[in-house]
Amino acid sequence: MAAVDTARARAHAVLRLRGRAVAAAALPAACAAVLLAGRFTGHIGAPGAPDAPLWDGVRWAVCAVAALTLALAALVARGHRRAVPPVTPAVPLARADAPELYRLIEELAERLDVPAPAAIALTPDCDSWLEEPHPAGRRTGPAAPVLVIGSPFLWWMRAGELRALLAPVVAGTAAAADPDIAAARRWVRTLDAALGERRRGPAALAGAVDRRLLGACREHSAELEHAVAAWASEQARAVDYGPRIAAQAQVGLAYAGWDRLLTRVALPAWRLGLHPAHLNAGVVSALTELSRRDRLADGYENRLGDRPACDLLEEPGLVDTRVSRLAAELLHEEPAGGWQPLDWADYPHRVVDRGWRAQAAALQAALGDDRPHTGPALDKLLARLAAGEAEELSAALAGQVARAARVAPPLPPVRSGRDLLVEHLTATVCCAAVDAGTATPGLDWLDGPVLVCPAAPRAELAPAVARAVEDGQDGPLRAWLERAGVRLERPVRLSG
């Protein structure tokens, strides 16, 4: 129980600092009240007494300090009343949306002998935590927190693994129910939120007070959270300890698959104003592919017989759509026309092909070709690269993409000219292969947009493009295009 005592001791230290701050704000006013009472009763600086002028000066000075202190305290208190502690964006799950998940969490809380969380929410991240619910009014007592679960865990993990993984998190509700710990946490969160809203003028002075108080609390607050984590870990030690070790191995795997899915697969769609509607289902496909290629998920097949945690939801597809939309809103700038949902089956045409043709159009503009519906012919483009014009084309393309990005955000962000030229040349080559009918745009769960071309090895395309751009040697790329059945003199179409 050492962790319990440490947590409470740190909470008391934070509350003592709060009490001292209140006392410091009230002390000048109390002194002024004593001096004024003494003046009116004649006990301190009575009229006509030799020391009356001295006490009058002291009285005026103390009253002025008291007025300033009370004004500053009022500013600080107003900032605290208005401050709204940040709440992590999440998708709330009503009991009707996930009755089995609620029962699992409540049974887990009963086994741990702790209060059950007040509600459950999902976040598009590989983490789980307890969060105080958004207050409808100023609350003085502790309330059950909300359990926030990383959505990839629900789709990748089995139900037993999820329960074991969440045991230490749910155990943290015991600390949240402690009045002193809850009060200390609430005060620290209020200070932090008030600092985030500080402005110039008198409010800046109140912000300086909050900053000083927060700095004084920081060490105690950090040690409080460490002790609470240790407390929760101790409580959860006897519950599903063995499965929790296995579940922890799945956390790293889920994080790797989720990160790769977002950066390689979702990002190209987000740039086009499309949000894949089932990211969490996609992470299962990505991790399954990862296990097949790299054997990082050995034993995955043995887990397939166990019930997936997403089955604890009434409508997993609908919940996945809501979480996927939140991921797009959090991780990418919203397009001018708003987000459009995207099914995975439509990804090759609506994202891969469309993205390639947008890049081909940018390369065409850099070449000075203004034909509206057709892009550059590859024979002329390769001839210019062989003539040593890569640097000139790179600079023109970088300028074109920078200008287009200001009016058409779906285009990729500006990078170095040579890298940009390689990427746009690859996109143009892919468009030409698709136009020739010998290849199709495709989706790789780990690499994102890919060209499916049975006639020519995909692995040889990137080196051939790099040699054409970096060294002006267009022979390997011409040979690859010939194997792919592409006519070099035929202009590339700019629309799918």
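What you see as residue numbers is a count from 1 along each chain, following the sequence as written. Reporting in this predicted model follows two pLDDT cut-offs: at least 70 for local features of residues, and 80 or more for side-chain atom pairs to be given and counted; totals over whole chains, interfaces and linings ignore these cut-offs and use all residues. Only hydrogens and water are set aside when side-chain values are computed; all heavy atoms of the structure are taken into account.

On to the overall build of the protein, then. Scanning the protein from terminus to terminus reveals 18 helices and 10 strands. Exposure categories follow from relative accessible area, calculated using a 1.4 Å probe and restricted to protein chains: below 20% of the type maximum is buried, above 50% is exposed, and the middle band is partly exposed. Looking at the protein as a whole, 44% of its 496 residues are labelled buried. Contacts between residues were defined by any pair of non-hydrogen atoms, one from each residue, lying within 4.5 Å. Counting contacts in the protein only where the partners sit at least 6 residues apart, residues at least 24 apart contribute 76% of the total. Surface exposure of the protein reaches about 23700 Å², of which carbon and sulfur atoms provide 57%. Secondary structure elements are taken from DSSP: a helix is a run of H or I of four residues or more, a strand is a run of E of two residues or more, and numbering for both begins at the N terminus. Each accessible area value is a Shrake-Rupley result obtained with a 1.4 Å probe; residue values ignore everything except the protein chains displayed when judging cover.

The subject of this paragraph is the pairing of strand β4 (residues 146-150). Burial runs high along β4: 5 of the 5 residues are buried. What you see with β4 is no split at all: Val 146, Val 148 and Gly 150 on one side and Leu 147 and Ile 149 on the other are buried throughout. Strand pairing follows a simple DSSP-based rule, namely that at least 2 bridges must link the two strands. Alignment of strand β2 (residues 119-123) against β4, held across 5 bridges, turns out to be parallel. Counterpart to Ile 120 in the pairing with β4 is Leu 147.

On the basis of which strands lie adjacent, the open sheet formed by 4 strands has the order β1-β2-β4-β3 and mixed pairing. For this open sheet the edge positions go to β1 (91-93) and β3 (129-131), each flanked by a neighbour on one side alone. If you compare each strand with its neighbour and ignore which way they point, the axes differ by 35 degrees on average. Angular values range over 0 to 180 degrees, each being the angle between N-to-C directions of two axes fitted as lines to C-alpha atoms, with helices fitted over their stretch in contact. Contacting β3 and β4, helix α5 (residues 159-171) crosses the sheet at an angle of about 140 degrees to β4. Strands β1 and β2 of the sheet are contacted by helix α12 (residues 316-331), whose axis makes an angle of about 155 degrees with β1.

Moving on to the packing of aromatic side chains. Pairs were defined over the aromatic rings of Phe, Tyr and Trp, the Trp ring being its six-membered one, requiring ring centres within 6.5 Å. Orientation was assigned from the angle between planes: stacked under 30 degrees, edge-to-face over 60, tilted for the rest. Tallied over the entire structure, the rule returns 2 aromatic pairs. Seen in terms of ring centroids, Trp 344 and Trp 445 are 4.9 Å apart; in terms of plane orientation they differ by 75 degrees. Their pairing is edge-to-face. Highlighted residues: Trp 344 in the loop between β6 (340-342) and α13 (347-366) and Trp 445 in the loop between β8 (440-444) and β9 (448-452), separated in sequence by 101 residues. Accessibility expressed as a relative area gives 21% for Trp 445, which makes it partly exposed. Here the aromatic residues Trp 344, Tyr 347 and Trp 445 are joined through ring pairs into a cluster of three or more.

Our next topic: the environment of Cys 310. The topology assignment puts Cys 310 in the loop between α11 (300-303) and α12. Those residues in contact with Cys 310 that sit more than four places away from it in its chain are Leu 154, Trp 155 and Pro 316.

In this numbering, the UniProt entry assigns the feature "transmembrane region" (unreviewed entry) to residues 21-38 and 58-77. Taken end to end, residues 21-38 is 100% helix and 0% strand, and its first and last C-alpha atoms sit 27 Å apart. For residues 58-77, helix accounts for 100% and strand for 0%, while the C-alpha atoms at its two ends are 28 Å apart. UniProt positions are given in the numbering used here, feature names are shortened, and annotations may be inferred rather than shown by experiment.

What follows deals with the packing of helix α1 (residues 2-41) against helix α7 (residues 179-196). A pair of packed helices is characterised by two quantities: the angle between their axes and the separation of those axes. Contact pair α1 / α7: the axes reach a minimum separation of 8 Å and the direction vectors enclose 50 degrees. Put simply, α1 runs oblique to α7. Two packed elements cross with a definite hand, and for α1 against α7 that hand is left-handed. Where α1 approaches α7, its residues Ala 7, Arg 8, Ala 11, His 12, Val 14, Leu 15, Leu 17 and Arg 18 are matched on the opposing element by Asp 180, Ile 181, Ala 183, Ala 184, Trp 187 and Val 188. Charged means Asp, Glu, Lys or Arg here, nonpolar means Ala, Val, Leu, Ile, Met, Phe, Trp, Tyr, Cys or Pro, and polar covers whatever is left, Gly included. Counted by class, the contact of α1 with α7 contains 10 nonpolar, 1 polar and 3 charged residues. An angle below 35 degrees is read as roughly parallel, one above 145 as roughly antiparallel, one from 65 to 115 as roughly perpendicular, and any other as oblique. Crossing handedness: left-handed means the near helix sits turned counterclockwise from the far one by under a right angle, and right-handed means the same turn made clockwise.

The next point concerns unusual backbone geometry. Although it is not a glycine, Asp 113 sits at a positive phi angle of roughly 60 degrees. Tracing the backbone shows Asp 113 in the loop between α3 (99-112) and β2. With a phi close to 55 degrees, Asp 240 is a non-glycine residue in the positive phi region. Of note, Asp 240 is situated in the loop between α8 (202-236) and α9 (241-271).

This part is about the side chain of Ser 221. Inspection of the secondary structure assignment puts Ser 221 in helix α8. Since its relative accessible area comes to 15%, Ser 221 is described here as buried. Dropping the residues within four chain positions of it, Ser 221 is found in contact with Val 14 and Val 188.

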